[in-house]
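The chain contents come next:
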Amino acid sequence: MRFLHKDFVPLRDYLAAQPVQIRKLEWDLRPVEAGSFAFLPWTVKRRAARPPQAAELAEIEQCFHWADRPENGGTAFEHYFHINAPPSDAAVSLSGAVEHVEAYGAPDEFVLCGYPDGGLISVSRQTLPFQQGLARADDWWGPR
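First things first, this report covers the structure right here in the doc.

Along the chain, the position of Asn-84 falls in the loop between β4 (79-83) and α3 (94-104). Separated by 2.9 Å, the side chain of Asn-84 and the backbone oxygen of Asp-108 make a polar contact.

Below is the structure:
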């Protein structure tokens, strides 16, 4: 299930009310290396994705506000957050995490990523308390 969050308060309250493990990962397994020019495809250099990093609630809030300034909207495509993910040191692409969570996710496991028009998208296997009453985002990017 996918939901669009335009208000950070319910999500913040949910994450602050209980112990959660927040992991920050990169969208792609082979992201474009800094300094590459996307308009010249033969010059694009890629690197292996970094392993998951522990993250804090403040980083999720920062992601929520990335698109507040239009020039920062593209940064929403760099990282995502996997909440209460199974323990692993392996990098997982956003599409892989979404597939896992929707098919096999634990009751308190979900994915959060920035939405380029502002806010966040959350993905979970079942509706969580902070998702109730929100607009569904099933037509958003990714497998379904």
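Turning next to the environment of Arg-12. One can find Arg-12 in helix α1 (residues 9-17). Taking the relative accessible area as the measure of exposure, Arg-12 reaches 31% and is therefore partly exposed. Distance in space between the C-alpha atoms of Arg-12 and Leu-57 is 7.4 Å, their sequence separation being 45 residues.

Moving on to the pairing of strand β2 (residues 22-26). Of all five residues making up β2, five are buried, and the element is well covered by its neighbours. Burial along β2 is two-sided: Ile-22, Lys-24 and Glu-26 and Arg-23 and Leu-25, pointing in opposite directions, are all buried. Note that β2 and β4 share five bridges and pair antiparallel. Bridge pairing in β4 links Glu-26 to His-79.

Criteria and thresholds
Residues numbered from 1 in each chain as written. Predicted model: local features only at pLDDT ≥ 70, side-chain atom pairs only at ≥ 80, totals over all residues. Heavy atoms only, no water. Helix = DSSP H or I, 4+ residues; strand = E, 2+ residues; numbered from the N terminus. Polar contact = N/O pair within 3.5 Å; in protein donor to acceptor, adjacent residues only side chain to side chain. Buried < 20%, exposed > 50% of the residue type's maximum accessible area, 1.4 Å probe, protein only. Pairing = 2+ DSSP bridges.

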